[in-house]
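Tertiary structure, described
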Amino acid sequence: MGLEAQSPSLRGLFVCPISADLPGNRGILNKMESERAALAYLAGHVDVVSSGTRGPLLGGERFADYPLRAGALSPVNHYFLFYRYVWRHCRPFEYDFLYVRYPLALPSLLAFLRAAKRARPSLKIILEVPTFPYRSELRTPKQRVLLALDDLGHGQLHRYVDLVVTFFGQNEIYGIPCFRTENGIDVNRIRLAKNTRGDADTVKMIAVANLARWHGLDRILRGVALYERLQNHPRVNLDIVGDGPVAGELRTLVEELGLGESVSFHGTQSGEALDTLFDEADVAVGSLGMHRIDLARSSSLKSREYCARGLPFVLASEDPDFPEGTPFIHRVESDESVVDVSAIVSFFHSLEEELPDYSREMREYAEERLTWRAKLAPVIEYVRTGVLPP
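Parameters at a glance
Residues numbered from 1 in each chain as written. Predicted model: local features only at pLDDT ≥ 70, side-chain atom pairs only at ≥ 80, totals over all residues. Heavy atoms only, no water. Phe/Tyr/Trp six-rings, centres within 6.5 Å; stacked < 30°, edge-to-face > 60°. Helix = DSSP H or I, 4+ residues; strand = E, 2+ residues; numbered from the N terminus. Buried < 20%, exposed > 50% of the residue type's maximum accessible area, 1.4 Å probe, protein only. Lys NZ or Arg CZ within 6 Å of the ring centre and 35° of its normal. Pairing = 2+ DSSP bridges. Axes fitted to C-alpha atoms, helices over the stretch in contact; angles between N-to-C directions. Contact = heavy atoms within 4.5 Å. Core = buried A, V, L, I, M, F, W, Y, C linked by side-chain atoms within 4.5 Å. Parallel < 35°, antiparallel > 145°, perpendicular 65-115°, else oblique. Nonpolar A, V, L, I, M, F, W, Y, C, P; charged D, E, K, R; others polar. Left-handed = near helix turned anticlockwise from the far one by under 90°.

A word on the packing of aromatic side chains. All told, the structure shown has 17 aromatic pairs when counted by the stated rule. With 5.6 Å between their ring centres and 90 degrees between their planes, Tyr66 and Tyr85 make a pair best called edge-to-face. Highlighted residues: Tyr66 in the loop between strand E4 (61-62) and helix H2 (75-90) and Tyr85 in helix H2, separated in sequence by 19 residues. Of the two residues, Tyr66 and Tyr85, neither departs from the other in class, the shared state being buried. Taking the centre distance of 5.8 Å and the plane angle of 75 degrees together, the rings of Phe132 and Tyr134 count as edge-to-face. Both residues of the pair, Phe132 and Tyr134, count as buried. Through successive ring pairs, a cluster of aromatic residues spans Phe278, Tyr306, Phe313, Phe322, Phe328 and Tyr365. In this structure, Arg11 is placed above the aromatic ring of Tyr95, and the distance from its NZ or CZ to the ring centre is 4.3 Å.

Written as C-alpha coordinates, this is what we have:
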(Lines give C-alpha, C1' and ligand atoms only; values in the text may rest on other atoms or scores of the structure.)
Protein backbone atom coordinates (compact mmCIF):
# COMPACT_ATOMS: atom_id res chain seq x y z
CA MET A 1 0.00 0.00 0.00
CA GLY A 2 1.29 3.45 -0.84
CA LEU A 3 1.62 6.23 1.70
CA GLU A 4 -0.52 8.78 -0.13
CA ALA A 5 -3.35 10.38 1.78
CA GLN A 6 -6.58 8.56 1.02
CA SER A 7 -10.23 9.59 0.79
CA PRO A 8 -12.77 9.76 2.18
CA SER A 9 -10.94 11.36 5.06
CA LEU A 10 -11.21 10.15 8.63
CA ARG A 11 -11.25 12.09 11.88
CA GLY A 12 -9.12 10.88 14.75
CA LEU A 13 -8.42 11.99 18.32
CA PHE A 14 -4.92 11.34 19.69
CA VAL A 15 -5.16 11.09 23.49
CA CYS A 16 -1.88 11.52 25.34
CA PRO A 17 -2.09 11.98 29.14
CA ILE A 18 1.39 13.50 29.36
CA SER A 19 2.13 16.87 30.99
CA ALA A 20 3.00 19.03 28.01
CA ASP A 21 4.59 21.80 30.07
CA LEU A 22 7.22 19.73 31.89
CA PRO A 23 10.69 19.94 30.21
CA GLY A 24 11.46 16.30 30.95
CA ASN A 25 8.60 15.21 28.68
CA ARG A 26 9.92 17.04 25.62
CA GLY A 27 11.06 13.86 23.88
CA ILE A 28 7.72 12.10 24.39
CA LEU A 29 5.84 15.15 23.16
CA ASN A 30 8.00 15.43 20.05
CA LYS A 31 7.23 11.80 19.31
CA MET A 32 3.53 12.41 19.89
CA GLU A 33 3.45 15.35 17.47
CA SER A 34 5.33 13.36 14.83
CA GLU A 35 2.83 10.51 15.17
CA ARG A 36 -0.10 12.92 15.00
CA ALA A 37 1.26 14.52 11.84
CA ALA A 38 1.71 11.11 10.20
CA LEU A 39 -1.77 9.93 11.23
CA ALA A 40 -3.28 13.18 9.95
CA TYR A 41 -1.49 12.80 6.61
CA LEU A 42 -2.75 9.23 6.27
CA ALA A 43 -6.26 9.70 7.67
CA GLY A 44 -7.21 13.29 6.86
CA HIS A 45 -7.58 15.00 10.26
CA VAL A 46 -6.29 14.21 13.76
CA ASP A 47 -6.64 16.35 16.88
CA VAL A 48 -4.37 15.85 19.87
CA VAL A 49 -5.37 16.24 23.50
CA SER A 50 -2.72 16.19 26.24
CA SER A 51 -2.43 17.18 29.86
CA GLY A 52 -0.63 20.02 31.63
CA THR A 53 0.11 21.10 35.16
CA ARG A 54 -2.77 23.61 35.06
CA GLY A 55 -5.28 21.82 32.88
CA PRO A 56 -5.86 19.64 29.78
CA LEU A 57 -4.91 20.96 26.35
CA LEU A 58 -6.43 20.48 22.91
CA GLY A 59 -4.00 21.33 20.15
CA GLY A 60 -1.73 22.93 22.75
CA GLU A 61 -4.43 25.27 24.09
CA ARG A 62 -5.75 24.78 27.63
CA PHE A 63 -9.53 24.33 27.62
CA ALA A 64 -10.16 23.75 31.35
CA ASP A 65 -8.51 24.31 34.73
CA TYR A 66 -7.62 21.52 37.11
CA PRO A 67 -8.82 22.05 40.69
CA LEU A 68 -5.57 20.73 42.21
CA ARG A 69 -2.64 22.83 41.05
CA ALA A 70 0.15 21.61 43.36
CA GLY A 71 0.97 19.41 46.30
CA ALA A 72 0.68 15.73 47.01
CA LEU A 73 -2.78 15.40 45.44
CA SER A 74 -1.99 17.06 42.11
CA PRO A 75 -1.32 13.72 40.32
CA VAL A 76 -5.06 13.09 40.69
CA ASN A 77 -5.47 15.57 37.82
CA HIS A 78 -3.56 13.38 35.38
CA TYR A 79 -4.61 9.94 36.58
CA PHE A 80 -8.30 10.52 37.30
CA LEU A 81 -9.64 13.92 36.15
CA PHE A 82 -7.98 14.20 32.74
CA TYR A 83 -10.34 11.77 30.97
CA ARG A 84 -13.44 13.37 32.49
CA TYR A 85 -12.44 16.72 31.01
CA VAL A 86 -11.60 15.13 27.63
CA TRP A 87 -15.00 13.43 27.53
CA ARG A 88 -16.91 16.61 28.29
CA HIS A 89 -15.02 18.95 25.98
CA CYS A 90 -13.71 16.82 23.09
CA ARG A 91 -16.72 14.53 22.52
CA PRO A 92 -14.58 11.54 21.45
CA PHE A 93 -17.59 9.63 20.13
CA GLU A 94 -17.78 12.10 17.22
CA TYR A 95 -14.46 10.82 15.84
CA ASP A 96 -13.83 7.78 13.65
CA PHE A 97 -10.98 6.51 15.80
CA LEU A 98 -9.18 7.15 19.07
CA TYR A 99 -5.43 6.64 19.31
CA VAL A 100 -4.57 6.46 23.02
CA ARG A 101 -1.12 6.37 24.56
CA TYR A 102 -1.44 3.77 27.34
CA PRO A 103 -1.10 5.27 30.82
CA LEU A 104 -2.06 2.10 32.82
CA ALA A 105 -5.57 0.67 33.08
CA LEU A 106 -6.79 3.01 35.78
CA PRO A 107 -10.52 3.32 36.51
CA SER A 108 -10.69 6.72 34.79
CA LEU A 109 -9.30 5.35 31.51
CA LEU A 110 -11.60 2.33 31.60
CA ALA A 111 -14.64 4.52 32.21
CA PHE A 112 -13.60 6.81 29.34
CA LEU A 113 -13.15 3.94 26.88
CA ARG A 114 -16.36 2.25 27.97
CA ALA A 115 -18.39 5.43 27.50
CA ALA A 116 -16.85 6.12 24.09
CA LYS A 117 -17.56 2.60 22.84
CA ARG A 118 -21.14 2.66 24.09
CA ALA A 119 -21.79 6.05 22.50
CA ARG A 120 -20.43 4.87 19.14
CA PRO A 121 -19.95 1.09 18.78
CA SER A 122 -18.26 1.53 15.38
CA LEU A 123 -15.55 3.73 16.93
CA LYS A 124 -12.13 2.13 16.51
CA ILE A 125 -10.06 2.41 19.70
CA ILE A 126 -6.33 1.87 19.27
CA LEU A 127 -4.05 1.67 22.28
CA GLU A 128 -0.34 2.41 21.90
CA VAL A 129 1.66 0.56 24.56
CA PRO A 130 5.06 2.30 24.47
CA THR A 131 6.82 -0.31 26.63
CA PHE A 132 5.89 -3.92 27.35
CA PRO A 133 6.45 -5.42 29.81
CA TYR A 134 6.52 -2.27 31.91
CA ARG A 135 6.45 -3.52 35.51
CA SER A 136 10.20 -3.09 35.98
CA GLU A 137 9.93 0.62 35.18
CA LEU A 138 7.50 1.28 38.05
CA ARG A 139 9.50 1.27 41.26
CA THR A 140 8.43 4.19 43.48
CA PRO A 141 5.71 3.73 46.12
CA LYS A 142 3.27 5.91 44.14
CA GLN A 143 3.96 3.95 40.97
CA ARG A 144 3.39 0.67 42.80
CA VAL A 145 -0.05 1.86 43.90
CA LEU A 146 -0.89 2.71 40.28
CA LEU A 147 0.46 -0.66 39.17
CA ALA A 148 -1.86 -2.40 41.65
CA LEU A 149 -4.80 -0.55 40.07
CA ASP A 150 -3.53 -1.55 36.65
CA ASP A 151 -3.42 -5.19 37.72
CA LEU A 152 -7.09 -4.95 38.63
CA GLY A 153 -8.08 -3.15 35.45
CA HIS A 154 -6.08 -4.36 32.46
CA GLY A 155 -8.20 -7.50 32.13
CA GLN A 156 -11.10 -5.26 31.05
CA LEU A 157 -9.28 -3.49 28.22
CA HIS A 158 -10.22 -6.11 25.61
CA ARG A 159 -13.88 -5.11 25.99
CA TYR A 160 -13.22 -1.68 24.50
CA VAL A 161 -9.87 -1.69 22.68
CA ASP A 162 -9.77 -2.98 19.10
CA LEU A 163 -6.03 -2.96 18.44
CA VAL A 164 -2.79 -2.52 20.38
CA VAL A 165 0.24 -0.93 18.73
CA THR A 166 3.35 -2.50 20.25
CA PHE A 167 7.04 -1.91 19.64
CA PHE A 168 8.27 -5.10 21.33
CA GLY A 169 7.05 -7.91 19.09
CA GLN A 170 4.00 -9.25 20.96
CA ASN A 171 1.15 -10.85 19.01
CA GLU A 172 -1.35 -10.17 21.79
CA ILE A 173 -1.46 -8.04 24.94
CA TYR A 174 -4.23 -8.50 27.52
CA GLY A 175 -6.27 -10.48 25.03
CA ILE A 176 -6.13 -7.74 22.39
CA PRO A 177 -4.53 -8.37 18.97
CA CYS A 178 -1.35 -6.41 18.33
CA PHE A 179 0.11 -4.59 15.39
CA ARG A 180 3.86 -5.06 15.71
CA THR A 181 6.00 -2.19 14.54
CA GLU A 182 8.98 -0.08 15.56
CA ASN A 183 9.21 3.56 16.55
CA GLY A 184 9.36 6.02 13.70
CA ILE A 185 10.52 9.61 13.30
CA ASP A 186 9.63 12.71 11.33
CA VAL A 187 12.86 13.03 9.35
CA ASN A 188 11.93 16.51 8.14
CA ARG A 189 12.05 17.81 11.73
CA ILE A 190 15.60 16.56 12.27
CA ARG A 191 18.59 18.38 10.78
CA LEU A 192 21.53 16.47 9.36
CA ALA A 193 24.59 17.05 11.56
CA LYS A 194 27.24 19.26 9.95
CA ASN A 195 30.20 17.32 11.34
CA THR A 196 32.19 20.37 12.46
CA ARG A 197 34.94 18.43 14.20
CA GLY A 198 37.25 20.77 16.07
CA ASP A 199 40.06 18.32 16.81
CA ALA A 200 40.83 15.41 14.50
CA ASP A 201 42.78 13.73 17.31
CA THR A 202 39.73 13.57 19.58
CA VAL A 203 36.70 11.31 19.18
CA LYS A 204 33.69 13.12 20.57
CA MET A 205 30.70 11.09 21.74
CA ILE A 206 27.23 12.34 22.58
CA ALA A 207 24.43 10.74 24.60
CA VAL A 208 20.98 12.37 24.56
CA ALA A 209 18.41 10.97 26.97
CA ASN A 210 15.90 11.57 29.73
CA LEU A 211 18.47 10.05 32.05
CA ALA A 212 17.21 6.80 33.58
CA ARG A 213 18.91 3.60 34.69
CA TRP A 214 17.94 1.73 31.50
CA HIS A 215 20.03 4.10 29.41
CA GLY A 216 23.07 2.46 31.03
CA LEU A 217 25.40 5.46 30.75
CA ASP A 218 27.30 4.30 33.82
CA ARG A 219 28.62 1.48 31.62
CA ILE A 220 30.26 3.86 29.17
CA LEU A 221 31.53 6.20 31.92
CA ARG A 222 33.43 3.29 33.43
CA GLY A 223 34.64 2.46 29.94
CA VAL A 224 36.00 5.99 29.46
CA ALA A 225 37.83 5.70 32.79
CA LEU A 226 39.54 2.47 31.69
CA TYR A 227 40.30 3.92 28.26
CA GLU A 228 42.11 6.89 29.73
CA ARG A 229 44.61 4.55 31.39
CA LEU A 230 45.86 3.47 27.97
CA GLN A 231 49.01 4.94 26.44
CA ASN A 232 49.23 6.72 23.07
CA HIS A 233 45.53 6.79 22.30
CA PRO A 234 43.27 9.46 20.79
CA ARG A 235 41.38 11.50 23.33
CA VAL A 236 37.67 10.92 23.88
CA ASN A 237 35.05 13.34 25.13
CA LEU A 238 31.48 12.53 26.08
CA ASP A 239 28.66 15.09 26.08
CA ILE A 240 25.66 14.00 28.17
CA VAL A 241 22.55 15.91 27.15
CA GLY A 242 19.38 15.66 29.19
CA ASP A 243 18.18 15.31 32.74
CA GLY A 244 16.36 12.65 34.68
CA PRO A 245 16.22 10.36 37.72
CA VAL A 246 19.86 9.20 37.60
CA ALA A 247 21.49 12.51 36.60
CA GLY A 248 22.84 13.02 40.11
CA GLU A 249 24.25 9.50 40.27
CA LEU A 250 26.02 9.99 36.94
CA ARG A 251 27.55 13.27 38.06
CA THR A 252 28.80 11.60 41.23
CA LEU A 253 30.27 8.73 39.23
CA VAL A 254 32.10 11.18 36.95
CA GLU A 255 33.66 12.80 40.02
CA GLU A 256 34.61 9.45 41.54
CA LEU A 257 36.25 8.31 38.30
CA GLY A 258 38.07 11.62 37.79
CA LEU A 259 36.46 12.27 34.40
CA GLY A 260 35.79 15.98 34.82
CA GLU A 261 37.92 16.90 31.79
CA SER A 262 36.42 14.24 29.53
CA VAL A 263 32.71 14.28 30.37
CA SER A 264 30.38 17.29 30.20
CA PHE A 265 26.77 17.56 31.36
CA HIS A 266 24.60 19.95 29.36
CA GLY A 267 21.15 19.39 30.84
CA THR A 268 18.07 19.40 28.61
CA GLN A 269 18.73 21.09 25.26
CA SER A 270 16.70 21.76 22.14
CA GLY A 271 16.75 23.78 18.93
CA GLU A 272 20.02 25.36 17.82
CA ALA A 273 21.81 24.49 21.06
CA LEU A 274 21.10 20.80 20.56
CA ASP A 275 21.94 21.00 16.84
CA THR A 276 25.33 22.51 17.69
CA LEU A 277 26.16 19.67 20.08
CA PHE A 278 25.28 17.14 17.39
CA ASP A 279 27.35 19.06 14.82
CA GLU A 280 30.43 18.64 17.01
CA ALA A 281 29.90 14.92 17.68
CA ASP A 282 31.47 11.91 15.97
CA VAL A 283 29.63 9.00 17.60
CA ALA A 284 26.32 8.84 19.48
CA VAL A 285 25.47 6.54 22.36
CA GLY A 286 22.17 4.66 22.38
CA SER A 287 20.49 2.90 25.29
CA LEU A 288 22.90 0.48 26.95
CA GLY A 289 20.77 -0.85 29.81
CA MET A 290 17.48 -2.12 28.43
CA HIS A 291 18.25 -5.49 30.02
CA ARG A 292 17.78 -3.76 33.38
CA ILE A 293 14.05 -3.56 32.68
CA ASP A 294 13.94 -7.05 31.16
CA LEU A 295 13.86 -5.93 27.52
CA ALA A 296 16.03 -7.79 25.00
CA ARG A 297 14.56 -5.84 22.09
CA SER A 298 14.17 -2.07 21.85
CA SER A 299 12.73 0.48 19.46
CA SER A 300 14.49 3.56 20.76
CA LEU A 301 13.62 6.92 19.29
CA LYS A 302 17.09 8.22 19.96
CA SER A 303 18.65 5.57 17.71
CA ARG A 304 16.39 6.63 14.86
CA GLU A 305 17.14 10.30 15.44
CA TYR A 306 20.88 9.57 15.47
CA CYS A 307 20.44 7.83 12.13
CA ALA A 308 18.53 10.78 10.66
CA ARG A 309 21.29 13.12 11.82
CA GLY A 310 23.90 10.95 10.11
CA LEU A 311 25.73 10.04 13.33
CA PRO A 312 27.04 6.48 13.75
CA PHE A 313 25.98 5.10 17.10
CA VAL A 314 26.51 2.48 19.78
CA LEU A 315 23.70 -0.02 20.37
CA ALA A 316 23.29 -2.82 22.92
CA SER A 317 19.82 -4.34 22.53
CA GLU A 318 18.27 -5.90 19.46
CA ASP A 319 16.41 -3.51 17.14
CA PRO A 320 14.66 -4.87 14.02
CA ASP A 321 15.19 -1.61 12.13
CA PHE A 322 18.96 -2.03 12.50
CA PRO A 323 19.79 -5.69 11.81
CA GLU A 324 23.15 -7.32 12.29
CA GLY A 325 25.64 -6.08 9.75
CA THR A 326 24.32 -2.51 9.61
CA PRO A 327 27.64 -0.74 8.95
CA PHE A 328 27.08 2.47 10.90
CA ILE A 329 26.31 0.72 14.22
CA HIS A 330 28.80 -0.47 16.81
CA ARG A 331 27.26 -3.21 18.94
CA VAL A 332 28.09 -3.94 22.56
CA GLU A 333 26.81 -6.64 24.89
CA SER A 334 23.43 -6.16 26.53
CA ASP A 335 24.67 -6.84 30.05
CA GLU A 336 26.53 -5.15 32.91
CA SER A 337 29.98 -5.33 31.34
CA VAL A 338 32.04 -2.16 31.01
CA VAL A 339 31.85 -0.75 27.47
CA ASP A 340 35.12 -1.04 25.55
CA VAL A 341 35.69 2.55 24.45
CA SER A 342 38.81 1.68 22.46
CA ALA A 343 36.61 -0.51 20.25
CA ILE A 344 34.28 2.47 19.67
CA VAL A 345 37.24 4.62 18.62
CA SER A 346 38.46 1.91 16.23
CA PHE A 347 34.93 1.50 14.84
CA PHE A 348 34.66 5.20 14.08
CA HIS A 349 38.03 5.47 12.37
CA SER A 350 37.32 2.34 10.29
CA LEU A 351 33.94 3.74 9.25
CA GLU A 352 35.59 6.98 8.09
CA GLU A 353 37.94 4.98 5.87
CA GLU A 354 35.56 2.34 4.54
CA LEU A 355 32.38 4.41 4.18
CA PRO A 356 33.43 8.07 3.90
CA ASP A 357 29.94 9.16 2.85
CA TYR A 358 28.31 7.40 5.80
CA SER A 359 26.41 10.50 6.96
CA ARG A 360 24.47 10.86 3.70
CA GLU A 361 23.82 7.11 3.54
CA MET A 362 22.44 7.11 7.08
CA ARG A 363 20.10 9.96 6.22
CA GLU A 364 18.78 8.09 3.19
CA TYR A 365 18.34 4.98 5.32
CA ALA A 366 16.18 6.99 7.74
CA GLU A 367 14.11 8.55 4.95
CA GLU A 368 13.38 5.16 3.38
CA ARG A 369 12.73 3.03 6.45
CA LEU A 370 12.17 5.00 9.64
CA THR A 371 9.36 7.52 9.06
CA TRP A 372 6.14 7.49 11.08
CA ARG A 373 4.11 7.56 7.86
CA ALA A 374 5.57 4.20 6.87
CA LYS A 375 5.14 2.76 10.37
CA LEU A 376 1.52 3.82 10.92
CA ALA A 377 0.04 3.34 7.44
CA PRO A 378 -1.25 -0.19 8.32
CA VAL A 379 -3.06 1.23 11.37
CA ILE A 380 -5.09 3.67 9.27
CA GLU A 381 -5.76 0.93 6.73
CA TYR A 382 -7.21 -1.09 9.62
CA VAL A 383 -9.46 1.82 10.65
CA ARG A 384 -10.74 2.02 7.07
CA THR A 385 -11.24 -1.68 6.38
CA GLY A 386 -11.47 -3.43 9.74
CA VAL A 387 -8.84 -5.93 8.51
CA LEU A 388 -6.13 -6.49 11.10
CA PRO A 389 -2.64 -5.59 9.84
CA PRO A 390 -0.15 -8.49 9.65
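Still to come is the rest of the account.
What follows concerns the sheet that holds strand E15 (residues 329-331). If you walk across this open sheet you meet the six strands as E12-E11-E10-E13-E14-E15, and the pairing is parallel. Of all the strands in the sheet, the pair left with one neighbour each is strand E12 (263-267) and E15. The average angle at which neighbouring strand axes cross in this sheet is 25 degrees, direction not considered. Taken together, the seven bridges between strand E10 (residues 202-208) and strand E11 (residues 235-241) define a ladder with parallel strand orientation. Within the sheet, the bridge partner assigned to Ile206 lies in E11 and is Asp239. Running at roughly 140 degrees to E10, helix H7 (residues 271-279) makes contact with E10, E11 and E12 of the sheet.

Met205, Ile220 and Phe313 are the most contacted members of the largest nonpolar core, which has 92 residues in total. When neighbours within four sequence positions are excluded, Phe313 is seen to be in contact with Val283, Ala284, Ser303, Tyr306, Cys307, Phe322, Phe328, Ile329, His330 and Met362. Core analysis: the second largest hydrophobic core is formed by 40 residues, Leu13, Ala105, Leu106 and Ile173 among them.

The next thing to look at is the packing of helix H5 (residues 217-227) against helix H9 (residues 341-354). The angle between the axes and the distance between the axes are what describe a pair of packed helices. It is the contact of H5 with H9, at a shortest axis distance of 8 Å, that shows an interaxial angle of 85 degrees. Judged on the interaxial angle alone, H9 and H5 are roughly perpendicular. Where H5 approaches H9, its residues Ile220, Gly223, Val224 and Tyr227 are matched on the opposing element by Val341, Ser342, Ile344 and Val345. Looking at side-chain class alone, the contact of H5 with H9 contains six nonpolar, two polar and no charged residues.

This paragraph deals with the sheet that holds strand E8 (residues 172-173). Strands sit in the order E4-E3-E2-E1-E5-E6-E7-E9-E8 across an open sheet of nine strands; the sheet is mixed. Of all the strands in the sheet, the pair left with one neighbour each is E4 and E8. Strands strand E5 (97-101) and strand E6 (124-129) of the sheet are contacted by helix H3 (residues 107-119), whose axis makes an angle of about 170 degrees with E5.

This part covers the packing of H5 against helix H6 (residues 247-257). Packing of H5 against H6 brings their axes to within 10 Å, and their N-to-C directions diverge by 15 degrees. Between H5 and H6, the angle falls in the class roughly parallel. In this structure, the crossing between H5 and H6 has a hand that is right-handed. Every residue of H6 that contacts H5 at Leu217, Asp218, Leu221, Arg222 and Ala225 is listed here: Leu250, Leu253, Val254 and Leu257. Taken together, the residues that form the contact of H5 with H6 break down as seven nonpolar, no polar and two charged.

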